[in-house]
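The lines below spell out each chain.
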Amino acid sequence: MVIGPTNCGKSTLVNALNDEMRPIRKTQNLIYGKHTIDVPGSYIENTWMYKYLISAMQDASHVLILVDQSKTAAVYSPGFAKVFRCPVIGVITKADLRPENEEFCIKQLQKTGASDPYFKISVQDGTGIQALKECLFEKKKDR
């Protein structure tokens, strides 16, 4: 399950994880892909929708919490990751943009309770995608 605020790169990352090239547009509903559940940003931005996140998590093997390195907005509550019963992985998206914000992103992921190490990715230049895929999909094969 891939969660994060609007325009943080969720759908772009989902395309990369699913080896697809779906058109990028605002996600209105949960979209179940080959390996992913793409969650609309509104589910994070409106606390009354958290119950839907928790419900959707029942179908997930992992939760990816995304923070956008190109922005410095704190969007998650402290301890947010603790509501999920599966492993929560922190992902810093758009790692090729605004490198001065990396420490802010790391602190934000730490506050949420997402597992370390954090994956720094850029779909534009391919940074970190393969390592994230290995983390997610190699563990699945071992089961």
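The preceding data block contains the structure.
Every chain is numbered independently, its residues counted from 1 as its sequence is written. Side-chain atom pairs in this predicted model are given and counted only at pLDDT of 80 or more, local residue features only at pLDDT of at least 70, and totals for whole chains, interfaces and linings cover all residues. Only hydrogens and water are set aside; all other atoms, that is, all heavy atoms of the structure, feed into the side-chain values.

### Brief notes about the overall build of the protein
Thinking step 1. The helix and strand labels rest on DSSP assignments: H or I over at least four residues marks a helix, E over at least two residues marks a strand, and numbering proceeds from the N terminus. Of regular secondary structure, the protein possesses 5 helices and 6 strands.
Thinking step 2. Along the chain direction, N to C, the helices and strands of the protein fall in the order β-α-β-β-α-α-β-β-α-β-α.
Thinking step 3. Scaling as 2.2 N^0.38, a compact globule of 143 residues should have a C-alpha radius of gyration of about 15 Å, and the protein matches this with 14 Å.
Thinking step 4. Principal axes of the C-alpha set define a box for the protein whose edges measure 35 × 35 × 30 Å.
Thinking step 5. Accessibility here uses a 1.4 Å probe with only protein chains present; expressed as a share of the type maximum, an area under 20% marks a residue as buried, one over 50% as exposed, and anything in between as partly exposed. With 143 residues in all, the protein has 46% of them scored as buried.
Thinking step 6. For this analysis, residues touch if any pair of their heavy atoms sits within 4.5 Å. Sequence-distant contacts, at least 24 apart, represent 70% of the contacts inside the protein between residues at least 6 apart.
Thinking step 7. Averaging the positions of the 19 positive and the 15 negative side-chain charges in the protein gives two centres separated by 7 Å. What the globule rule says is 2.2 Å times the number of residues to the power 0.38, and the radius of gyration is computed from C-alpha atoms. By the counting scheme adopted, Arg and Lys are positive, Glu and Asp are negative, and His together with the chain ends is not counted. Charge coordinates come from a single atom per side chain, which is NZ of Lys, CZ of Arg, CG of Asp or CD of Glu.

### Examining the pairing of strand β4 (residues 63-68)
Thinking step 1. In terms of burial, β4 is a largely internal element, 6 of the 6 residues being buried.
Thinking step 2. Where strand β1 (residues 2-3) lies against β4, 2 bridges are found, and the strand directions are parallel. If you follow Val2 over to β4, its bridge partner there is Leu64.
Thinking step 3. Relative to strand β5 (residues 88-93), β4 runs parallel, the two sharing 6 bridges. Paired with Asp68 across the bridge in β5 is Thr93. Here, strands pair whenever DSSP counts at least two bridges between them.

Scope: geometric values only; no functional claims are made or implied.
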